[in-house]
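Breakdown of the fold
The lines below spell out each chain.
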Amino acid sequence: MALEFEFSDEHKLFRRTLRDFMDEEIRPMIDNRFYESEEFPWEPVRAMSEQGLFGVPVPPEYGGAGLGEIGYGILLEEVSRVDTGLATIVGAHTGICLAPIYLFGTEEQRETYLPPLCRGENIGAFALTEPQAGSDAANIRTRAERDGDEYVINGTKIYVSNGDVADTIMVSAVTDPALGAKGGVTAFIVDTDTDGFHVSSKEDKMGIRRSTTAQIEFEDLRVPAENVLGNVGEGFIVALTALDGGRATLAAGSCGGAQEALNMALEYATAREQFGKPIAHHQDVQFRLAEMSTEITTMRYATYHCLDYVETYYEKVAAGEDVDKSFREKVSRRSAQVKVQASEMAAEVTEKACTIMGARGLQEGYNLEKGLRDAPIAEIYEGTNEIQRLVIGRELVQRGRYEW
Amino acid sequence: MVNIVVAVKHVPQQDNVRISKRTGKPLVDLAEGRMNPLGKKALETGLRLAQQDPNSEVTTLSLGPKEAEPTLRESLAMGADRALLVTDPLLEGSDGLGTAKALAAVVKQLGNVDIVLTGARTSDRYAGHVGPAMAAILGWEIATHGQSAKLTDEGIRFEKVLTSGTVATLTVDTPCLLSMGTHAPKPRHATTWGVHAAHETDALERWNLDDLGLAKDEVGPSAQATTQRSIEPVPEKERDTEAFTGDPDDVAESLPRRLASRGLLR
């Protein structure tokens, strides 16, 4: 084959054991309990952390599983098959808290923070969004002022996944208001047991209810200067580099959610008879199923191909090597593209599944209804699809020609 | 210190064997294979025995082509200390006896083995004679179709479920061979850390016929003790459902008679 594209034996075994684990151990725990109360689901989270699912991409010397970004994509795909909320918990923990600490952390920061996070003993979160700064992330106002060997942080962060339970939070704060986004924002590793940290409220959401979303406050919270992640003033580089990889793995999650919806629709269409035969044998339904399957297949190719690039990119960043600008742009563009496409594909596939299942698709207790409520979040978080389009479009127009 | 060897076979993913129309032989697709399910239960039993004694070592052993590697790596990922793959073109085409000879030879070469565990049968061949043949060659005690095994001061406490549904408890002296059946505990899931460690390049040990101390004519097709005449699909069992209607008490009372008249009760 000229264009070899296959998972390694290691990733194949990982997927197989992970799928069995999720189906046999976690799926039975997916009941209405956490979904109705929107409480943090410690029971499945504990089981998953013991299984080694909370440090998948990080190398073993820091307590991780060493399965890289492709392994992390497989993780989100397989967890999303069972529950998008659980995938969000692992994603917020791994992709945007653990990953930036690994990528930009000093040796000491890595050794202090990564092992307990990888074991899942500590839960991670990422705090960027503020009431006035969503898509306009450069407009953040959380302030970090230097005071001797410490920084004093004040401000409010919203929509923090895992924010109510997290032990370690990656926080973006303004260190120099005059410079703004270009050199005035710094990333901090914040321990939530520090004085001045408060969880002010929890969101009541329509979907991904097994993942908790909190508003958090910093009130004269003091962090030592050694908790600066990366260089002072380079907070956006830290956040954006983490999001570049996070987006591609989200796309893998969307592929998992879509597969679940397709399988549900397929099972229903094979069992349900109308006009004397299973509806799966009616051409209209069969065409729909064919379209769903085709969309998932093409998306999986693009997603894992992109993750292969992200892996190379991250290996360079973690080793402190210079990354070629055009390579970084390519990774960033492709991860934005697969995120947009996969999240919209998953929403579409879930809707098609609902059409096939008719009223059953909307009925509580059949998991498709939950899928319909869970699907839209992927179009919103880690940079809305509109912002992704803006970034992809702006670069395209600047370049003046299509670039693969 | 307890030295445990678990024999695991890499078998096709599907239990339904397809037969080639051209050759009349079963089509074996090992590329998408898996660990023999009962072998996996034997490994789980071995790992549990090892937990009873911190000094014990669990070695998994497989006879097969290079395609069998994933099964041995999975055994390491689940917690085995060593994994040994015996591959040799001369071993291909061995029957159950040849396989047992080769596996027993490995056990002898390893030396100081206390317990050999196997699945009661493989999902692809379903013969169930490799384990007993190994025990015979080694001259060891054997207990088959177990549901659990525990180390005790008197020996191995071995439980098995009899066809009557009752549980028989045996005490077996070491060295011994134990085969595990369907009632053995559900195998653990390999952890993510284990999966990665099992794929280190030097994680597997590879042996060939020269390492076994066996003569070339003791194994392979020429040394077969059994001949396979043919392989044919078995017709599916006929099933029938009958509903008895009427007053529940009357139906219950008539049930033994009705079952007996159909030869289902004696």
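Residues numbered from 1 in each chain as written. Chains lettered and ligands numbered in written order. Predicted model: local features only at pLDDT ≥ 70, side-chain atom pairs only at ≥ 80, totals over all residues.

**Here we look at the overall build of chain A**
On a plain count of helices and strands, chain A comes out with 12 helices and 10 strands. Over its C-alpha atoms chain A spans a radius of gyration of 21 Å, differing by no more than 12% from the 22 Å that the globule rule assigns to 404 residues. For the C-alpha atoms alone, the extent of chain A along its principal axes is close to 80 × 50 × 40 Å. Out of the 404 residues in chain A, the part that is buried amounts to 50%. Sequence-distant contacts, at least 24 apart, represent 74% of the contacts inside chain A between residues at least 6 apart. (Helix = DSSP H or I, 4+ residues; strand = E, 2+ residues; numbered from the N terminus. Rg over C-alpha atoms; globule rule 2.2 N^0.38 Å. Buried ≥ 20, exposed ≤ 12 C-beta atoms within 10 Å, placed from the backbone. Contact = placed C-beta atoms within 7 Å.)

**What to know about the interface of chain B and chain A**
Across the contact, 12 residues belong to chain B and 15 residues belong to chain A. Every element with two or more residues in the side of chain B that touches chain A is listed here: α2 (69-78) and α5 (192-197) of chain B.

**What about the domain arrangement of chain A?**
Buried accessible area, meaning the area lost when the parts come together, often serves as the stated size of an interface. All names here are of chain A. Parsing chain A into structural domains produces domain 1 (9-123), domain 2 (125-229) and domain 3 (235-399). Distance between the C-alpha centres of domain 2 and domain 3: 28 Å. At the junction of the two partners, domain 2 supplies 11 residues and domain 3 supplies 10 residues. Among the elements that line the side of domain 2 that touches domain 3, the one with the most residues is strand β5 (residues 185-191), at three residues. (Domains from an automatic or database assignment.)

**What to know about the environment of A:L266**
The topology assignment puts A:L266 in helix α7 (residues 235-271). Residue A:L266 is classed as partly exposed on the basis of its 17 C-beta neighbours within 10 Å.

**Some points on the sheet that holds strand β6 (residues 57-63) of chain B**
Residue and element names in this part refer to chain B. The mixed open sheet is built from nine strands, whose spatial order is β11-β10-β9-β12-β8-β1-β6-β7-β13. Both outer strands of the open sheet, β11 (167-172) and β13 (205-207), are each paired with one neighbouring strand and no more. Strand after strand, the sheet turns through a mean of 35 degrees between neighbouring axes, direction not considered. Of the strand pairs in this sheet, strand β8 (residues 115-119) and strand β12 (residues 176-180) are connected by five bridges, and their pairing is parallel. (Pairing = 2+ DSSP bridges. Axes fitted to C-alpha atoms, helices over the stretch in contact; angles between N-to-C directions.)

**Topic: helix α1 (residues 9-26) of chain A**
Relative to the 26 Å expected for 18 residues at 1.5 Å per residue, α1(A) spans 24 Å between its end C-alpha atoms, a close match to the ideal helical length. For α1(A), the set of buried residues is A:E10, A:L13, A:F14, A:T17, A:L18, A:F21, A:M22 and A:I26. Burial along α1(A) is one-sided: seen end-on, the buried residues are contained in an arc of 155 degrees. As for α1(A), its buried residues are in contact with α3 (42-50) and α4 (68-82) of chain A together with α2 and α5 of chain B. (Expected span 1.5 Å × (residues − 1). Arc of directions from axis to C-beta.)

**Here we look at the pairing of strand β3 (residues 150-161) of chain A**
Residue and element names in this part refer to chain A. Across five bridges, strand β2 (residues 143-147) lies against β3 in antiparallel orientation. Looking at β3, one finds that D147 is bridged to E150. In this structure, the hairpin formed by β2 and β3 is closed by a connection of two residues, where G148 is found at a positive phi of approximately 65 degrees. By the bridge criterion, nine bridges tie β3 to strand β7 (residues 213-224) in an arrangement that is antiparallel.

**Side note on the environment of B:S179**
All names here are of chain B. Inspection of the secondary structure assignment puts S179 in strand β12. Sequence separation between S179 and L72 is 107 residues; the distance between their C-alpha atoms is 18 Å. Residue contacts for S179: discarding those within four places in its chain leaves T118, G119, A120, G131, T144, H145 and G146.

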